[in-house]
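Secondary and tertiary structure notes
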Amino acid sequence: MNISVIGAGQMGAGIAQVFAAAGHQVSLVDISQESLARGVKSIDGSLERIVRKGSLTEAERTSTLERITTHTDLGDGVKSADLVIEAATENSELKLKIFAQLSSLAPAAAPLATNTSSISITRIAAATDRPAKVIGMHFMNPVPVMQLVEVIRGYATDDATCKMVMDLSRSLGKTPVEVNDYPGFVANRILMPMLNEAMYALWEGVGGVAEIDTVMKLGMAHPMGPLQLADYIGLDTCLAILNVMKEGFGRAHYQACPLLVNMVTAGKLGRKSGEGFYNYSGGGKDLVVSAAFQ
């Protein structure tokens with residue numbers, strides 16, 4: 001199949017990698033050559049790590065990269081698509097703009113999927129000429145490692161589109177789970193309040209960054225503490241998801257912690273910016289709590 005992936009960031013690059021590794025031709029689309037170069041470099045680095053582990057040969061790594069082409073023009077990137085997967089920033093207006101453009105640029109038979117973490121599939125579908133073919137295909141981060149794909153049906157999504165995405169996810173070695181279209185779906189409806197509560201505990205002085213994460217890792221057998229996980233997801237993404245759920249449900253417990261709001265405003269977004277609850281500028285593997293929380 002010809003798969004078009006819109007957005008060459010962390011998620012888009014990971015999605016492109018798993019499809020190319022499974023033998024699909026992938027068109028990776030972003031607004032600049034610099035963004036595409038970073039995306040391809042990320043894919044190459046990920047594949048190299050898999051080669052070092054002995055799970056991939058050098059020839060397979062080369063052929064995977066050869067199946068990925070890059071495009072800065074949206075029309076050029078989706079003109080031959082059998083499936084389009086949007087993985088742009090978690091911003092509803094941006095996604096609506098992209099899907100409106102896809103109506104005229106993507107082949108009429110091509111389903112349009114979004115990797116959104118929380119935004120209404122029904123709302124996105126309404127911006128297109130094919131709401132029955134619009135679906136959520138929410139991969140988990142890091143995409144090459146995580147098995148789950150949250151498949152979200154919008155109000156108008158038809159059975160054929162859902163079956164295609166479910167079957168395709170299984171062919172990638174993933175486990176798809178079908179859910180319905182409500183703010184945050186299942187994964188983030190449950191996850192984000194936990195991360196937000198960890199931030200409130202830090203803000204209120206209940207515990208420090210390392211202490212809160214250690215309690216959850218050792219006490220609840222979580223592989224990563226909630227503050228470290230928030231850094232990994234991106235604090236701006238966490239805030240965007242919480243805002244979607246607060247607007248969608250109108251419930252106070254989705255109100256983003258003021259500390260999170262301030263950090264995003266200050267540009268402290270986690271790993272992507274080099275600093276969040278932890279500092280990543282040193283390049284080492286050990287977690288270093290940011291100076292603001294020491």
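The numbers attached to residues start from 1 for each chain and follow its sequence in the written order. At least 70 in pLDDT is required for a residue's local features to be given in this predicted model, at least 80 for side-chain atom pairs to be given and counted, and no such filter applies to totals for whole chains, interfaces and linings, which use all residues. As a convention, hydrogens and water are excluded, and side-chain values are obtained from all of the structure's heavy atoms.

Section: unusual backbone geometry
Of the consecutive residues Asn 141 and Pro 142, the connecting peptide bond is found in the cis state with omega at 0 degrees. Secondary structure follows DSSP: runs of H or I at least 4 residues long count as helices, runs of E at least 2 residues long count as strands, and numbering of each begins at the N terminus. Within the element layout of this structure, Pro 142 appears in the loop between strand 6 (134-139) and strand 7 (148-153). The backbone of Phe 185 shows a phi angle near 55 degrees, a positive value even though the residue is not glycine. Looking at where Phe 185 falls in the secondary structure, it is placed in the loop between strand 8 (175-180) and helix 8 (187-203). Phi is positive for Ala 221, close to 60 degrees, though the residue is something other than glycine. Looking at where Ala 221 falls in the secondary structure, it is placed in the loop between helix 9 (209-220) and helix 10 (226-233).

Overview of the packing of helix 10 against helix 11 (residues 235-249)
Axis separation between helix 10 and helix 11 bottoms out at 5 Å; the angle between their running directions is 95 degrees. Taken as axis vectors, helix 10 and helix 11 run roughly perpendicular relative to one another. Facing Ala 230, Asp 231 and Ile 233 of helix 10, the residues of helix 11 in contact are Leu 235, Thr 237 and Cys 238. Working convention: axes come from line fits to C-alpha atoms, limited for helices to the stretch in contact. Angles between N-to-C directions cover 0 to 180 degrees. Angles are sorted into four bins: roughly parallel if under 35 degrees, roughly antiparallel if over 145, roughly perpendicular if 65 to 115, and oblique for all others. Only heavy atoms enter the contact rule, under which two residues are in contact if any of them lie within 4.5 Å.

Some words on the packing of helix 1 (residues 10-21) against helix 2 (residues 33-52)
At a minimum axis separation of 9 Å, helix 1 and helix 2 run at an interaxial angle of 55 degrees. Taken together, the axis directions place helix 1 and helix 2 in an arrangement best described as oblique. As for how helix 1 packs across helix 2, the hand of that crossing is right-handed. Contact residues: Ala 13, Ala 16 and Gln 17 in helix 1; Gly 39, Ser 42, Ile 43, Ser 46, Leu 47 and Ile 50 in helix 2. Less than a right angle of anticlockwise turn of the near helix away from the far helix marks a crossing as left-handed, whereas a clockwise turn marks it as right-handed.

Section: the pattern of salt bridges
By definition here, a salt bridge exists when the distance from a side-chain nitrogen of Lys or Arg to a carboxyl oxygen of Asp or Glu is within 4 Å. Summed over the entire model, instances satisfying the criterion amount to 15 salt bridges. Salt-bridge contacts for Glu 48 lead to Arg 61; the nearest nitrogen and oxygen are separated by 3.3 Å. Here Glu 48 is found in helix 2, whereas its partner Arg 61 is found in helix 3 (residues 58-66), with 13 residues between them in sequence. Judged by its relative accessible area of 15%, Arg 61 is buried. A salt bridge links Arg 130 to Asp 129; its shortest N-O distance comes to 3.0 Å. One connected set of salt bridges, linked through shared partners, spans Asp 44, Glu 48, Arg 52, Glu 58 and Arg 61. For each residue, the accessible area found with a 1.4 Å probe, counting protein chains only, is set against the maximum for its type, and the residue is called buried under 20%, exposed over 50%, and partly exposed in between.

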